[in-house]
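Next come the chains, spelled out residue by residue.
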Amino acid sequence: MKVLIIYYSRSGHTKSIADMIGKRLGAVTEEVVDHRNRKGLWGFFVSGREAYAKKIIPIEKLKNDISLYDLVIVGTPVWAGNMSSPIRSFLKEYKDKIPRIAFFTTSGGPDTKNIYLEIKQITAQKPVAVINLTNQDIKKQSYLKMVDNFVTSIKENLKDK
Ligand SMILES: Cc1cc2nc3c(=O)[nH]c(=O)nc-3n(C[C@H](O)[C@H](O)[C@H](O)COP(=O)(O)O)c2cc1C
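Residues numbered from 1 in each chain as written. Predicted model: local features only at pLDDT ≥ 70, side-chain atom pairs only at ≥ 80, totals over all residues. Heavy atoms only, no water.

### Digging into the packing of helix H3 (residues 85–94) against helix H4 (residues 113–123)
Step number 1: One can describe the packing of H3 onto H4 by two numbers: an axis separation of 9 Å at closest approach and a directional angle of 25 degrees. Of the possible angle classes, the one that applies to H3 and H4 is roughly parallel. Across the interface between the two elements, Arg88, Leu91 and Lys92 of H3 pack against Glu118, Ile119, Ile122 and Thr123 of H4.
Step number 2: Of the residues contributing to the contact of H3 with H4, the split by class is 3 nonpolar, 1 polar and 3 charged. (Axes fitted to C-alpha atoms, helices over the stretch in contact; angles between N-to-C directions. Helix = DSSP H or I, 4+ residues; strand = E, 2+ residues; numbered from the N terminus. Parallel < 35°, antiparallel > 145°, perpendicular 65-115°, else oblique. Contact = heavy atoms within 4.5 Å. Nonpolar A, V, L, I, M, F, W, Y, C, P; charged D, E, K, R; others polar.)

Now the structure itself:
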């Protein structure tokens with residue numbers, strides 16, 4: 001099973017989860033690169049506004065060829081109740097090349113329902129597995145077990161691939 005993890009991370013939470021899942025699955029990870037300065041209060045504001053407006057922004061072409069993988073795991077922080085704008089842009093651009101999808105989010109709070117619905121709409125796929133890790137989960141050790149369950153569920157779903 002060849003797995004590619006595509007993620008965006010402004011402050012490092014989503015990246016650390018992507019790296020952890022990557023190690024457990026022996027997967028390749030790649031961060032979506034955009035050209036916005038998202039630092040500081042202004043960066044926070046710009047990011048929240050883009051996500052809320054469901055904006056598509058320019059992103060760099062991926063280094064990896066998605067069509068060579070069995071599964072793409074997509075990771076995003078929650079911004080203003082939505083997925084991050086770089087990840088929305090990635091999904092819109094590459095949706096037809098994604099063979100199977102799994103999804104993880106990191107957030108301040110627990111409400112990620114809208115994001116999962118939108119991913120299903122954009123990709124026209126039911127994700128193999130989804131998980132949300134709140135900043136509280138990440139602070140506590142409980143997130144390790146949650147990541148393990150996510151990885152196990154992916155392995156179970158794709159064991160004949
Ligand atoms: C612009 C912005 C908007 C956010 N909006 C939400 C939100 O609506 N709901 C929520 O639970 N967390 C929200 N957060 C918190 C992030 O989702 C959370 O801290 C996440 O783990 C950050 O991931 P990162 O470190 O990979 O960038 C927001 C953070 C930013 C920067």
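### So, the site of the ligand
Step number 1: The immediate surroundings of the ligand are formed by 19 residues, with Ser9, Ser11, Thr14, Val78 and Gly109 found nearest.
Step number 2: Interatomic distance of 2.6 Å between a side-chain N/O atom of Thr14 and an oxygen atom of the ligand.
Step number 3: Within the contact set of the ligand, an oxygen atom lies 2.8 Å away from a backbone nitrogen or oxygen of Gly81.
Step number 4: Alone, the ligand offers 640 Å² of accessible surface; in the complex the protein occludes 83% of this.
Step number 5: Considered class by class, the residues forming the shell around the ligand number 5 nonpolar, 13 polar and 1 charged. (Near = heavy atom within 4 Å. Polar contact = N/O pair within 3.5 Å; in protein donor to acceptor, adjacent residues only side chain to side chain. Areas by Shrake-Rupley, 256 points an atom, 1.4 Å probe, with all protein chains shown as cover.)

### Considerations on the side chain of Thr112
Step number 1: The topology assignment puts Thr112 in the loop between strand E5 (101–107) and H4.
Step number 2: With relative accessibility at 6%, the residue Thr112 sits in the buried group.
Step number 3: Other than its neighbours up to four places away in sequence, Thr112 contacts Val78, Thr105 and Asn132. (Buried < 20%, exposed > 50% of the residue type's maximum accessible area, 1.4 Å probe, protein only.)

### Observations regarding the packing of aromatic side chains
Step number 1: On inspection of all chains with the given rule, the structure shows 5 aromatic pairs.
Step number 2: Taking 5.8 Å as the distance between ring centres and 85 degrees as the angle between the ring planes, the aromatic pair formed by Tyr8 and Trp79 counts as edge-to-face. A residue pair is termed long-range when its members are at least 10 positions apart, and Tyr8 in the loop between strand E1 (3–7) and helix H1 (13–25) and Trp79 in strand E3 (residues 71–79) qualify at 71 residues. Each member of the pair, Tyr8 as well as Trp79, is classed as buried. (Phe/Tyr/Trp six-rings, centres within 6.5 Å; stacked < 30°, edge-to-face > 60°.)

Distances and angles like these do not, on their own, reveal function.
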